[in-house]
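# Observations on chain architecture
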Amino acid sequence: MKTKPVLLWTAISLFFVIFVGVVFLPAILSSNLLKPRILESVNRHLPGQLQVAEWTFKWFSGIKAKGIIYDHRQDNVFIEVAELKGYRGLFQLLADTGNLGGVEVVRPQVLLYLSDKPSPDVSDKTESTQSGGIPAFSGILKITDGSIHTVDPAGGEKIVVKDLDLYLDISDIEKPITYQVFLISGDTVGTFSGEGTLTLSANNPLDLKAIQSDGSLKITNWELEDVMAIMASRGNFPSSKGRLNVDLALQGSAAKAMDIKGKLSLNRLELWGGPLGADRPQIKGITTEIDGTISQDILSLNQLKLQSSIANSSVQGKIAGQGQNQLEGSADINLAEVFSQLPETLKLRQDLTLSQGKLAMSASIKSTGEVTAFESNARLDNLKGLSKGRPV
């Protein structure tokens, strides 16, 4: 007879413990009691070390974290985030793990440490982790007042990007993805902005044929020196100076017709270091224009044109993968300019100089299935120079 009351009180006590645990779980998670163990568990799966000064969990309102640091200086990266705001509570996240709701990253600062020697290539060390699809998640990501800095080997810090704002809405895969990005260069002269919508197939988001786009990208007076310094510290790339301008639009449907129109220009371009060795070419200006269409896996180039003091070229045609391809192009190369700018890269003899000369080329490629036909013509015009003191 005494067994039933004991079981009843045991059940009541167990229910009370579970109830108290559930009620106070957010408070327990928010305290410093479990934070070291949670971070230790997370850091086992990260190449760097994650630290969080404080965080707050609630069942029905947003999750917040402050003083976030990700330290991976072994790979020359250090990230600080002033505050991270999530707009869904634990209950909503547990009820629908794929819906992140809204996430706002406030004042993220990325420090990239520059090295005199390029980082080793780690492509062979990392295994490919291909999967059949993309992670199923939805939500809104907002980044405000972000910045990117570089730190040179002497410890000098420089701002490369400031006032970075990003808005990305992937709250419903059946609706168009909306994005907006804006940032300013460290010298406050250059700007980078992009906005638009991207519609994916709800049944297969990776189906490129079903993509619809209405987007634009604009870069104005962006100095390349700091960006190229980052690349040069991580691979065999040349350093450079020059102002970049880009105006690109991508509109339409890949299934019907997606138009690509854009212009790119580089002013006062200088290149040095890396694969160029002792060469330091300088080009007053480069302009590129593209006008094309993507339709049913076929890229049609109405015009791809490049103009510079070194070379002028143009390409037209169609690229259809393994189908029928047809390309035609021509180029006029200023050999005197090329020889004077790139003597070491071209391994020219020191006693060879050109004062005048142009190489005119034209080519066409046609392929159908496994058959490819290639035809080209080239000629030298007005070649003048000296080789071992004798006219060329």
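Note that residues are indexed from 1 along each chain, following the sequence as it is written. With the structure being a predicted model, the display of local features is reserved for residues of pLDDT at least 70 and the display and counting of side-chain atom pairs for 80 or more, all residues being used for whole-chain, interface and lining totals. Values reported for side chains reflect all heavy atoms of the structure, with hydrogen atoms and water molecules removed beforehand.

### A closer look at unusual backbone geometry
Backbone geometry places aspartate 145, a non-glycine residue, at a positive phi of 55 degrees. For aspartate 163, which is not glycine, the phi dihedral falls at a positive 55 degrees. Inspection of the secondary structure assignment puts aspartate 163 in strand β6 (residues 157-170). Residue burial is assigned from relative accessible area. The probe radius is 1.4 Å, only protein chains are included, and a residue is buried under 20% of its type maximum, exposed over 50%, and partly exposed in between. We classify aspartate 163 as partly exposed; its relative accessible area is 33%. The secondary structure listing takes helices from DSSP runs of H or I that are at least 4 residues long and strands from runs of E that are at least 2 residues long, numbered from the N terminus.

### So, the pattern of salt bridges
Salt bridges are defined as contacts in which a side-chain nitrogen from Lys or Arg sits within 4 Å of a carboxyl oxygen from Asp or Glu. Applying the stated criterion to the full structure yields eight salt bridges. Among the ionic pairs, aspartate 187 bridges to arginine 243, the shortest N-O distance being 3.1 Å. Of the two residues, aspartate 187 is situated in the loop between β7 (177-185) and β8 (191-199) and arginine 243 in strand β10 (residues 239-253); the sequence distance between them amounts to 56 residues. We classify aspartate 187 as partly exposed; its relative accessible area is 32%. Classification of arginine 243 as buried rests on a relative accessible area of 17%. Glutamate 270 is the salt-bridge partner of arginine 280, the closest N and O atoms lying 3.5 Å from each other.

### Concerning the confidence of the model for the protein chain
Model confidence for the protein chain is summarised by a mean pLDDT of 85, while 85% of its residues fall at 70 or above. Least confident of the elements in the protein chain is helix α1 (residues 3-30), whose mean pLDDT is 59; most confident is β7, at 96. Summary of the metric used: pLDDT quantifies the predictor's per-residue confidence within the range 0 to 100. Working rule for contacts: check all heavy atoms of both residues, and any pair within 4.5 Å makes them a contact. Note on residues 122-134: pLDDT under 50 across the span, and four contacts to partners over four residues away in sequence or across chains.

### Digging into the environment of lysine 64
With respect to the element layout, lysine 64 can be found in strand β2 (residues 64-72). Its relative accessible area of 43% is what places lysine 64 among the partly exposed residues. Remark: the alpha-carbon pair of lysine 64 and glycine 86, spanning 22 residues in sequence, is separated by 6.0 Å. Residue contacts for lysine 64: discarding those within four places in its chain leaves Glu54, Trp55, Thr56, Glu83 and Leu84.

### Notes on the pairing of β8
For two strands to pair, DSSP has to find at least two bridges joining them. Bridging between β7 and β8 involves eight bridges; their strand directions are antiparallel. Residue pairing across strands places valine 181 opposite glycine 194, the latter belonging to β8. Linking β7 to β8, which pair antiparallel, is a turn of five residues; within it threonine 188 sits at a positive phi near 65 degrees. Pairing of β8 with strand β9 (residues 212-223), which is carried by nine bridges, proceeds in the antiparallel orientation. By the bridge assignment for β9, phenylalanine 192 is matched with isoleucine 219.

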